[in-house]
Amino acid sequence: MTGGEKVSRNDISASSVKIAAAPRCEICIKMAVSSQETTKIDDKIADFDDLKNQVTSKLHKREQERLEDVEKKRSEKEYESSAKETTDFFNENFTKERVCIENELAQTPGLTKPALQNHFDKLMISVQNLQKFVSDSTMFLPSYEVRHAQDSLSKLQNEITEKRDELLPKKKFAFKAKKKVAEKGDVTKPDVVDGKKKEFVNVAHGDCGFKDLSDETLSLSSTEINAKDVALSRLMNCKIVLKGAPSTVHVDKLSKCTMLCGPVSGSIFVNDCTDCTFVIACQQLRTHSTTRTSFYLHVTSRGIIEDCNGVTFAPYNLEYPGLDEHYLVAGLDRARNSWDDIDDFNWLASDKRSPNWSLIPENERTKSWM
């Protein structure tokens, strides 16, 4: 300091503050740097924890998938084993009952004529019981097993029918169109429906049917069809009403017809029909070569179609006085209806529904028929 210069107390104080502040700033900088490094470390730890959680989650998911796969394979193995046991049980019992019926049929020639009718009635009841056994088993049987059983039943029914025709001959079945005058002894019983004559025909086994008619309303009552076979053939633009409980219904070559039928104790066979509507209840439905046709269906087994296209299904909704009684006569379980479980014999893919049939949307279904 030169002689002419004076130093004030304020200058000295400011200098002192600067000197004292310098170390403190350095400390703050070091602390800030340390804090940033700590934050980076914390971030790395957090990233590591996230990665650890992700890896743990993936390992856990993989283990869950492995356990589920093991359980699935175990279940499939148990199901296959159970299905095989169930199929074996079915085949064993079906074969046993079928052979028993065949043996009873083989004893037919040794019976007296008065005993034959009761004998054949018992045989048909046995066949119907066997049909019910098949129907109750279709939920777990493969399609080829169902088809084999149904073919065996059809063959057995035909053998009984042929033997009955041989030993208890009746007038040969023949549908009849309208005739001017019915000859004496003719099996045709003309009746009047809507001012027109209908054609009622007794068929070979005391059954009945219509044939070669168009633009008519045709009906049969329970007294005419209960426990009988009904046959319909070559009808066009007709409405057929069957109030009763037939044993079997055969339908062939119908076009633009509506058929309303009470519960059938056995099977309904539909063949070569076009643009029709069937409101039917039965143990078994077999449909062949049919197109653009709707079924309002109650069936206790899987419905079967073959060589069909454009067929649609909805639940059976027919109502009329006496229907409950007819259900009891037919022996159908009203609580069990497989209307939407259809087996297309032409469609082999198991993971995709056949394009030959579909369900009728609820808002498009007919609500009332009478």
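Here the structure is shown first, and the text comes after it.
*Asks:* Help me understand the overall build of the chain in this model?
*Replies:* Scanning the chain from N- to C-terminus turns up five helices and 17 strands. Among the 370 residues that make up the chain, the fraction classed as buried is 37%. Here the analysis covers contacts within the chain between residues at least 6 apart in sequence; of these, 40% occur between residues at least 24 apart. Summed over all atoms, the accessible surface of the chain reaches about 22100 Å², with 52% contributed by carbon and sulfur.

*Asks:* Explain the layout of surface pockets to me, please; I cannot follow it from the model alone.
*Replies:* Over the atoms a probe the size of a water molecule is rolled, and this reveals where empty space is left. The calculated volume of the second largest pocket comes to roughly 390 Å³. Of all the secondary structure elements, the ones that give two or more residues to the lining of the second largest pocket are helix 3 (143-167) and strand 16 (342-344). Looking at the lining of the second largest pocket, its residues break down into seven nonpolar, three polar and six charged.

*Asks:* Explanation requested: the packing of aromatic side chains in the structure shown.
*Replies:* The geometry of an aromatic ring pair is captured by the separation of the ring centres together with the interplanar angle, meaning the angle of the planes. Applying the stated criterion to the full structure yields six aromatic pairs. On the numbers, 5.6 Å between centres and 20° between planes, the contact of Phe90 with Phe94 is stacked. Taken together, the positions of Phe90 and Phe94, both in helix 1 (residues 9-106) and four residues apart, correspond to about one turn of that helix. Comparing Phe90 with Phe94 shows no difference in burial state: the two are buried.

*Asks:* Please explain unusual backbone geometry as it appears in this structure.
*Replies:* At Asp215, a position not held by glycine, the phi torsion is positive, near 55°. Along the chain, Asp215 turns up in the loop between strand 4 (208-214) and strand 5 (217-220). For Lys253, which is not a glycine, the phi torsion comes out positive at approximately 60°. With respect to the helices, strands and loops of the structure, Lys253 is situated in strand 8 (residues 248-255).

*Asks:* Mind showing me how you'd approach a nonpolar patch on the surface here?
*Replies:* A cluster of nonpolar side chains, namely Leu51, Val55 and Leu59, defines an oily patch on the protein surface of about 270 Å² accessible area. You can see Leu59 is positioned in helix 1.

Each value, and the rule that gives it
- Residues numbered from 1 in each chain as written.
- Predicted model: local features only at pLDDT ≥ 70, side-chain atom pairs only at ≥ 80, totals over all residues.
- Heavy atoms only, no water.
- Helix = DSSP H or I, 4+ residues; strand = E, 2+ residues; numbered from the N terminus.
- Buried < 20%, exposed > 50% of the residue type's maximum accessible area, 1.4 Å probe, protein only.
- Contact = heavy atoms within 4.5 Å.
- Areas by Shrake-Rupley, 256 points an atom, 1.4 Å probe, with all protein chains shown as cover.
- 1 Å grid on protein atoms, 1.4 Å probe; cavity = no way out; pocket = protein on both sides within 12 Å on 5 of 7 lines; lining within 4 Å.
- Points joined across faces, edges and corners; volume = space filled by probe spheres on them.
- Nonpolar A, V, L, I, M, F, W, Y, C, P; charged D, E, K, R; others polar.
- Phe/Tyr/Trp six-rings, centres within 6.5 Å; stacked < 30°, edge-to-face > 60°.
- Patch = residues over 30% accessible without salt bridge, like charges linked within 9 Å, V, L, I, M, F, W, Y side chains within 5 Å.
- Salt bridge = Lys/Arg side-chain N within 4 Å of Asp/Glu carboxyl O.

Geometric descriptors of this kind do not, in isolation, establish any biological role.
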